[in-house]
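# Structural features, examined
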Amino acid sequence: MRVAALSDFLLQRIDRNCGKPVNRQLYQVVREAILSRVMPAGLQLPSSRDLARELKISRNTVTYAYEQLMAEGYLETRTGAGTFVTDTVPDQIPEVDDIDIKRPRQGSDLGLSERGAQLVKHAGAYKFQWGAFMPGVPDVTAFPNKVWSRLQNKYWRRSRSDMLTYAHGGGYLPLREAIAEYLRVARSVNCSAEQIIVTSGIHQSIDLASKLLADVNDRAWVEDPCYWGTRNVLTSLNLKPTPIAVDDEGISPVAADLRHPPRFIFVTPSHQYPLGQVMSLSRRRMLLEYAAVHSIWIIEDDYDSEFRYASRPLASLQGMDTHDRVLYIGSFSKTLFPGLRTGFIVVPPALAEAFATGLSDLYRGGQLFTQAVLADFMTEGHFASHIRRMRVLYAERLNLLRESITRNFGDALPISGDDAGLHLALLLPDDCDDVALGRAAQAQGIIARSLSGYYMKPSRAKKGLILGYACVPDELIGPTFDRLAALIRKHANCPS
Ligand SMILES: Cc1ncc(COP(=O)(O)O)c(C=O)c1O
């Protein structure tokens, strides 16, 4: 391209009145011309002085554009020769005869992978994370901010390079020690600090355990119904969640299930999610024995066991395990606040080092400041007193919700799981479309997740609503439930 041709080309594309600086426009036009190969590799450009004269603009304007294009690798100067389009600009894809054509993806038009499309299709995370009756969310407004900020300031006052860089291993040791101490006392978990791996919560704990202990297509038993997050993390890793029925004693595999030992068994023994029953002692023993005989990993999700109202919290399944088959996963999401994104796995001693290495290599740990603050929060006794305070508050809210249910329906609608946790399940007649009911509630600004949505096997899905009460101010519980009750009467055949 000669200087005159190039300047014509550029003049047609530069608009001095469009409000955009001419040097930016010049840079963009040349860049696009190079990328579309209108200006091919090796083409010599005029000097900045000549181009400025042709375009009737200042030399500085051209110099700016040339320098920017050089910095980004589109142009190069060759000593004594001038400025050229570089050879390294991506060239045409060479012609290849024997292209290996992959089978068309089922995923979606967006270009998602099959598992990506599945994840999006079955996504469980709600766009609302606060309000009546959001399940699984504690009252974050009651969190002792002042104590937290005092502890935090202590660390930020000093500059600590070891706290601001990547973490290595299983997390901040004093926090692992504090968690181990707490779990030994409160949950009868058998553990030392080395066995604690600090994660960003239960989702990450499941992700890490699955990556380290299972291979693609391995089967993982999940309770049916179960937490949608467990199911979705497993599916996204190409594991096969296998739904196993639950009864009043917890997960209840039948002979046909037991004939095919899985790689994992995911359970919520202290408080079945979402129905709320406690796993019986005999079921616990059966599971532990079955896992030991077939080398299965049991993952005990103990997400909210601190909040038990009528009796003391129950001991963990891990504490009964004498064969090191249980990995215990816990979270600070319910005890403190979900945005903290901090949880932990307790792994058998033989796996501790592999998990610490896996954590660093897969996610490059960090958050040491936060972990240090949390360690102090626990060792200074604030954690235990916050839980005590919240237990009283949530018990009151649970009672208010129970009273509202009784006021509206007497005992016509059974309640499940109302002696622990942050939610209860209100069971509805089988012919009720709880999904439509949930949608109608949402249209009125009420969060009421449908119970049937938690089941993998539609034929066994019970109908109902999962109602969280922990984050609902006392005075809103009754009036909001009354509005929900009106919708329930419309959708379900129950007394008015
Ligand atoms: C059964 C169960 N496991 C895990 C979680 C999530 O835990 P985390 O916030 O630590 O990822 C929840 C949240 O509601 C839950 O209900």
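Scroll up for the structure.
Described in the following lines is the structure provided in the data block. Quantities reported herein were computed from a predicted structural model and do not represent experimental measurements.

### Overview of the pattern of salt bridges
- Per the stated rule, a full pass over the model turns up 16 salt bridges.
- Between Asp-162 and Arg-160 there is a salt bridge, with its nearest N and O atoms 2.9 Å apart.
- The class of Asp-162 is partly exposed, set by a relative accessible area of 42%.
- The shortest N-O distance in the salt bridge between Asp-207 and Lys-211 comes to 2.8 Å. One end of the pair, Asp-207, and the other, Lys-211, are both in helix α9 (residues 202-213), four residues apart, so they sit about a helical turn from each other.
- Accessibility expressed as a relative area gives 39% for Lys-211, which makes it partly exposed.
- Each of the salt bridges in this network shares a partner with another, and the network as a whole consists of Asp-139, Arg-397 and Asp-474.

### Digging into the site of the ligand
- Around the ligand, the neighbouring residues are Gly-201, Ile-202, His-203, Tyr-227, Tyr-273, Asp-301, Tyr-303, Ser-331, Ser-333, Lys-334 and Arg-341.
- With respect to the ligand, the backbone of Ile-202 contributes an N or O atom lying 2.8 Å from an oxygen atom.
- At 3.0 Å, a side-chain N or O of Arg-341 approaches an oxygen atom of the ligand.
- Burial of the ligand by the protein chains amounts to 93% of its free accessible area of 400 Å².
- Grouping the constituent residues of the shell around the ligand by class yields four nonpolar, four polar and three charged.

### With respect to the sheet that holds strand β5 (residues 219-224)
- Strands sit in the order β4-β11-β10-β9-β8-β5-β6-β7 across an open sheet of eight strands; the sheet is mixed. What marks the edges here is a single partner per strand, and that holds for β4 (196-199) and β7 (250-251).
- As judged from the six bridges shared by β5 and strand β6 (residues 240-247), these two strands associate in the parallel manner. Bridge pairing links Arg-219 to Lys-240 in β6.
- Against the sheet, helix α8 (residues 173-187) engages β4, β10 (326-331) and β11 (343-346), with an angle of about 110 degrees to β4.

### Topic: the side chain of Asn-408
- Along the chain, Asn-408 falls in helix α15 (residues 382-409).
- On the basis of relative accessibility, which here comes to 14%, the residue Asn-408 falls in the buried class.

### A word on the packing of aromatic side chains
- A complete count under the given rule lists 21 aromatic pairs for this structure.
- Each ring, one from Tyr-126 and one from Phe-128, has its centre 6.0 Å from the other, and the planes form 65 degrees; the classification is edge-to-face.
- Look at Tyr-126 and you get buried, because its relative accessible area is 18%.
- With relative accessibility at 32%, the residue Phe-128 sits in the partly exposed group.
- Note on Phe-332 and Phe-344: the rings are 5.6 Å apart at their centroids and 65 degrees apart in plane angle, and the pair reads as edge-to-face. Of this pair, Phe-332 sits in the loop between β10 and β11 while Phe-344 sits in strand β11; the two residues are 12 residues apart in sequence, bridging distant segments of the chain. Assigned by exposure class, Phe-332 and Phe-344 land together as buried.

Rules used throughout
Residues numbered from 1 in each chain as written. Predicted model: local features only at pLDDT ≥ 70, side-chain atom pairs only at ≥ 80, totals over all residues. Heavy atoms only, no water. Salt bridge = Lys/Arg side-chain N within 4 Å of Asp/Glu carboxyl O. Buried < 20%, exposed > 50% of the residue type's maximum accessible area, 1.4 Å probe, protein only. Helix = DSSP H or I, 4+ residues; strand = E, 2+ residues; numbered from the N terminus. Near = heavy atom within 4 Å. Polar contact = N/O pair within 3.5 Å; in protein donor to acceptor, adjacent residues only side chain to side chain. Areas by Shrake-Rupley, 256 points an atom, 1.4 Å probe, with all protein chains shown as cover. Nonpolar A, V, L, I, M, F, W, Y, C, P; charged D, E, K, R; others polar. Pairing = 2+ DSSP bridges. Contact = heavy atoms within 4.5 Å. Axes fitted to C-alpha atoms, helices over the stretch in contact; angles between N-to-C directions. Phe/Tyr/Trp six-rings, centres within 6.5 Å; stacked < 30°, edge-to-face > 60°.

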